[in-house]
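Chain by chain, the residues:
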Amino acid sequence: MKILTTVKKVVDVELNMHVKDGAIVQDGLQYVINAWDENAVEASVQLKEKNGAETTLVSIGGGDNTDMIRKCYAMGIDNGIHIEDPALNKADSAIFAKVLQKVYEKEKYDLVITGKQAQDTDSGQTGIMLAQYLGLPCVSNVISIEVTDDKHIKVSRLGDAGTEILEVELPAVVTVSDSINEPRLPQMRGIMMAKKKKINEMDLAALGTSADDVGAAAPKSEVIEFMASKVRKAGQKFEGAAAEIAAKVVNLLANEAKVF
Amino acid sequence: MAKVLVVADIKQGVLKGSTAELLSKAKAIGAETAVAAIGSKTEALIPELVKAGSDKQYIADAPGLELFSAGPYAACVADAAKQFGADMVWFGFSESGKASAPRVAAQLNAACATEITDVKLQGNQIEILRPAIANKVMQRVKVNSDKLVAVVRAGAFEAKEGIAGTQNVVKLSAPPADLKAAIKELISDASGEIDLADADIVVSVGRGAKDKAGVDLVKQLADDLKAGFGSSRAMVDGGFMAHNKQVGQTGKIVAPSLYIAVGISGAIQHLAGMTGSKVIVAVNKDPEAPIFNVADYGIVGDLFEVVPILREEIKKVRG
Ligand SMILES: Cc1cc2nc3c(=O)[nH]c(=O)nc-3n(C[C@H](O)[C@H](O)[C@H](O)COP(=O)(O)OP(=O)(O)OC[C@H]3O[C@@H](n4cnc5c(N)ncnc54)[C@H](O)[C@@H]3O)c2cc1C
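Novice: Can you help me understand the overall build of chain A in this one?
Specialist: The secondary structure content of chain A amounts to 6 helices and 15 strands. With respect to the principal axes defined by its C-alpha atoms, chain A has extents near 65 × 45 × 40 Å. Split into buried and exposed, the 260 residues of chain A put 53% on the buried side. Once local pairs closer than 6 in sequence are excluded, the contacts in chain A between residues at least 24 apart make up 69%. Of the roughly 11,600 Å² of accessible surface on chain A, 49% is carried by carbon and sulfur atoms. Here chain A carries 30 positive and 38 negative side-chain charges, and the mean point of each set is 2 Å from the other.

Structure (structure tokens):
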């Protein structure tokens, strides 16, 4: 079985963000692997360990992704492809999905695993669009994957009415939730081995495509401005005897906030 | 006149409030409105769909559509959008909406945006607003397409009274089942409980409650208030709370009048799901807990001590 996993480098969401002149101030920001992609990597490696598989990751953009890709190697990913092209600077999810389609078509995989969304955009579109472009079945928000035979997997996803169990014919695309697993910490041996591994660096031309071909010349949507979010101000905080402060807060809820 | 197709949010046969909210917003921006209702026994919802403000109702009603399956669901929406000539297709905030919107966008060759909180229309230029990076920033997005498929963030739009539409029903043919991603089983969430998305008050429990006894204690507060009972991920991971109770980026986004966070630290991923609430109360024994940065009323204390007193005091004022 061949598994393709998508990995994106994103801004560390734990850090404070500031916006100036319509852009995010870059000072002091750090870039890390998208948390949901880390779950996707873990899911791929677990399938490899259980059923045997060749695992490949692909990452688009992010500049120097060496550290991030090495981390994934150390977790157990076999091969890495990194696509960097200035034409993709303004790409939206649809364009990323088109580029991924080209990557898929070069090698063909049995299963594509992506994170359910990226922490920088919170869009949650790329994996699903990729499946549409490839004409493959797709299940999103997946919390478990089990290989049933050469041609099928059984997955469960969190849906609106509960947990949905689906039988999916391969090849297929799944997008995973953080509830699927707890990503492993790379071990020393893995880290050492990862250093020796190559990363297949490509631009769109090397991938056999072009900006026009993937729609990058005319994105369907573009961010024209970043703005600061409305921040909630800390309100009143009460310390002291529980009986007293709890009574005080209930009183305020009734008479000040008027929610009761 | 722009045309907006709203996809009705139907859960266990019940039409959810977001449908009227989205239709109200569509009317407010001067659009012609239609609604698509997809599922089983959806015909029965027609009067409600009209009342919610739709001027045309695309109805897909088939036993095969009872369980959600993204392929057929998206096919129905795309079919309705084409028949209506929709400029925009809006889904309410739901897992089915998130799973379907990118498919519909790909099928209509439209732009796609999720978690939108506002839409502006100037001529046929569409512009949207949406949070990104776990709500830390807002993005203003220009849509370079004359068509947009969007998922609207929970609580973004308000339903207006008296916007009733007109009945004009179009039946959609049921698409074939998705045999390549076949839904085999649904392990249903416990019914009869208050849906977090609808609740006017939500009480959520976090790791501070420790175990089942702690969870039960906090649940009593929720029950007293007839509130939805939510959870942080820690208590879902711990097996104390069901997945569908999780509030936050991976769970439900809620915007009730009152949100009470009990024993929750206030991780960014949790905050992303509840800072749209009107009033926030936090109970936490750590005065430095980040939840206090967003709480209107913070109670620094041991929840095992505070919660029973809160229940007593609330009984006094609410009778
Ligand atoms: C990709 C990703 C997605 C995620 N999505 C979500 C999500 O959707 N929702 C979510 O909630 N989390 C999510 N998380 C997890 C999140 O980062 C936190 O780990 C989680 O919210 C912590 O839950 P908690 O506040 O209950 O636990 P903790 O952070 O452990 O906090 C427990 C709190 O209880 C307090 N406490 C302890 N004892 C008492 C007592 N006796 N009385 C009063 N207070 C007490 C402590 O002071 C502490 O503040 C996500 C994480 C990742 C990486």
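Novice: Help me understand the interface of chain A and chain B in this model?
Specialist: Taken residue by residue, the interface counts 77 residues in chain A and 83 residues in chain B. For the pair chain A and chain B, the summed buried area comes to about 6,900 Å², and 56% of that belongs to carbon and sulfur atoms. Broken down residue by residue, the surface that chain A buries against chain B is led by Asp160(A), Lys220(A) and Arg232(A), which jointly contribute 12%. One salt bridge connects Glu225(A) with Arg140(B), and the closest N-O pair in it is separated by 2.6 Å. In this assembly, chain A and chain B are joined by 48 residue pairs in polar contact (both at pLDDT 80 or more). Broken down by secondary-structure element, the contributors of at least two residues to the side of chain A that touches chain B are helix H4 (126–134), strand E9 (138–149), strand E10 (152–158), strand E11 (162–169), strand E14 (221–228), strand E15 (236–238) and helix H6 (242–255) of chain A. Here the residues of the side of chain A that touches chain B sort into 40 nonpolar, 19 polar and 18 charged.

Novice: Explain a nonpolar patch on the surface here, please?
Specialist: Residues and elements named next belong to chain A. Among the surface-exposed residues, Met188, Ile191 and Met192 lie close enough to one another that they form a single nonpolar patch of about 280 Å² accessible area. One can find Met188 in helix H5 (residues 188–196). On the basis of relative accessible area, Met188 is assigned to the exposed category, the value being 56%.

Novice: Hey, could you run me through the packing of aromatic side chains in this one?
Specialist: Think of a pair of aromatic rings as described by two things: how far the centres are apart, and how the planes are tilted against each other in angle. A full pass over the atoms with the stated rule returns 4 aromatic pairs over all chains. Residues Phe68(B) and Tyr73(B) carry aromatic rings whose centres are separated by 5.0 Å and whose planes lie at 70 degrees to one another, so their mutual orientation is edge-to-face. When the ring centre of Tyr133(A) is taken as reference, the NZ or CZ atom of Lys98(A) above it lies at 4.0 Å. Over the ring of Phe84(B) we find Lys3(B), and its NZ or CZ is 5.0 Å from the ring centre.

Novice: What am I meant to see in the pattern of salt bridges here?
Specialist: Oppositely charged side chains may form a pair once their charged atoms are brought near each other. According to the stated counting rule, one finds 28 salt bridges over all chains in the structure shown. Among the ionic pairs, Asp213(A) bridges to Lys102(A), the shortest N-O distance being 3.3 Å. Here Asp213(A), found in the loop between strand E13 (200–202) and E14, pairs with Lys102(A), found in helix H3 (residues 93–107); they are 111 residues apart in sequence, far enough to count as distant. Several salt bridges share partner residues, and in doing so they unite Lys11(B), Lys16(B), Asp195(B) and Asp198(B) into one network.

Novice: Is there a simple way to explain the sheet that holds strand E4 (residues 32–39) of chain B in this structure?
Specialist: Hydrogen bonding along the main chain pairs the strands of a sheet, whether they run parallel or antiparallel. Residue and element names in this part refer to chain B. The strand order E7-E11-E6-E1-E4-E5-E12 describes an open sheet built from 7 strands, whose pairing is parallel. The sheet is open, and its two borders are formed by strand E7 (111–116) and strand E12 (169–171), each paired with just one other strand. Taken over all neighbouring pairs, the strand axes of this sheet differ in orientation by 20 degrees on average, direction set aside. Where strand E6 (residues 88–91) lies against strand E11 (residues 148–152), 4 bridges are found, and the strand directions are parallel. The residue of E11 that forms the bridge with Trp90 is Ala150. Against the sheet, helix H1 (residues 18–28) touches strand E1 (3–7), E4, E6 and E11, its axis set at about 160 degrees to E4.

Novice: Can you walk me through the packing of H4(A) against helix H4 (residues 95–108) of chain B in this structure?
Specialist: Describing two packed helices takes the angle between their axes plus the distance from one axis to the other. Between H4(A) and H4(B), the shortest axis-to-axis distance is 9 Å and the interhelical angle comes to 40 degrees. When the axis of H4(A) is compared with that of H4(B), the two are oblique. Of the two elements, H4(A) crosses H4(B), and the hand of that crossing is right-handed. Contacts from Ile128(A), Met129(A), Gln132(A) and Tyr133(A) in H4(A) reach Lys98(B), Ala99(B), Pro102(B), Arg103(B), Ala105(B), Ala106(B) and Gln107(B) in H4(B).

Novice: Looking at this structure, how should I read the sheet that holds strand E18 (residues 297–300) of chain B?
Specialist: The parallel open sheet is built from 6 strands, whose spatial order is E15(A)-E18(B)-E17(B)-E16(B)-E14(B)-E15(B). Two strands bound the open sheet, and with one partner strand each, they are E15 of chain A together with strand E15 (228–231) of chain B. Each adjacent strand pair in this sheet contributes to an overall mean axis angle of 15 degrees, direction not counted. The pairing of strand E16 (residues 258–262) of chain B with strand E17 (residues 279–284) of chain B spans 5 bridges and is parallel. Bridge pairing links Leu258(B) to Val279(B) in E17(B). Across the sheet, H6(A) touches E15 of chain A together with E16, E17 and E18 of chain B, and the angle it forms with E18(B) is around 170 degrees.

Novice: I would appreciate a short explanation of the confidence of the model for chain B in the present structure.
Specialist: Detailed reading of predicted coordinates is not advised where the pLDDT is low. In this model, chain B carries a mean pLDDT of 96, and residues with pLDDT of at least 70 account for 100%. For this predicted complex, the interface confidence reaches an ipTM of 0.97, while the overall pTM sits at 0.97.

Novice: Explain the site of the ligand to me, please; I cannot follow it from the model alone.
Specialist: Lining the immediate environment of the ligand, one finds 28 residues, of which Arg207(B), Ser232(B), Ser265(B), Gln269(B) and Asn284(B) sit closest. More than one chain reaches the ligand: its neighbouring residues belong to chains A and B. In this structure, Gln246(B) approaches the ligand through a side-chain N or O atom, which is 2.9 Å from an oxygen atom. Elements with a contribution of two residues or more to the shell around the ligand: helix H1 (35–51) of chain A together with helix H6 (233–237), helix H7 (268–271) and helix H8 (303–318) of chain B. Residues of the shell around the ligand, tallied by class, amount to 8 nonpolar, 14 polar and 6 charged.

Novice: Whenever I open this one, the pairing of E11(A) confuses me. Can you help?
Specialist: Regular strands show a simple pattern: their side chains alternate between the two faces of the sheet. Across the 8 residues that make up E11(A), a large majority, 6, are buried. Bridging between E10(A) and E11(A) involves 7 bridges; their strand directions are antiparallel. For Ile153(A), the partnering residue across the bridge sits in E11(A) and is Val168(A). Linking two consecutive strands that pair antiparallel, namely E10(A) and E11(A), is a turn of 3 residues. Direction of pairing for E11(A) relative to strand E13 (residues 181–188) of chain B: antiparallel, over a ladder of 7 bridges. Residue pairing in the sheet places Thr163(A) in a bridge with Ile187(B) of E13(B).

Rules used throughout
- Residues numbered from 1 in each chain as written.
- Chains lettered and ligands numbered in written order.
- Predicted model: local features only at pLDDT ≥ 70, side-chain atom pairs only at ≥ 80, totals over all residues.
- Heavy atoms only, no water.
- Helix = DSSP H or I, 4+ residues; strand = E, 2+ residues; numbered from the N terminus.
- Buried < 20%, exposed > 50% of the residue type's maximum accessible area, 1.4 Å probe, protein only.
- Contact = heavy atoms within 4.5 Å.
- Areas by Shrake-Rupley, 256 points an atom, 1.4 Å probe, with all protein chains shown as cover.
- Lys, Arg positive; Asp, Glu negative; His and termini not counted.
- Charge placed at Lys NZ, Arg CZ, Asp CG, Glu CD.
- Buried area = accessible area lost by both parts, 1.4 Å probe.
- Salt bridge = Lys/Arg side-chain N within 4 Å of Asp/Glu carboxyl O.
- Polar contact = N/O pair within 3.5 Å; in protein donor to acceptor, adjacent residues only side chain to side chain.
- Nonpolar A, V, L, I, M, F, W, Y, C, P; charged D, E, K, R; others polar.
- Patch = residues over 30% accessible without salt bridge, like charges linked within 9 Å, V, L, I, M, F, W, Y side chains within 5 Å.
- Phe/Tyr/Trp six-rings, centres within 6.5 Å; stacked < 30°, edge-to-face > 60°.
- Lys NZ or Arg CZ within 6 Å of the ring centre and 35° of its normal.
- Pairing = 2+ DSSP bridges.
- Axes fitted to C-alpha atoms, helices over the stretch in contact; angles between N-to-C directions.
- Parallel < 35°, antiparallel > 145°, perpendicular 65-115°, else oblique.
- Left-handed = near helix turned anticlockwise from the far one by under 90°.
- pLDDT = per-residue confidence, 0-100.
- Near = heavy atom within 4 Å.

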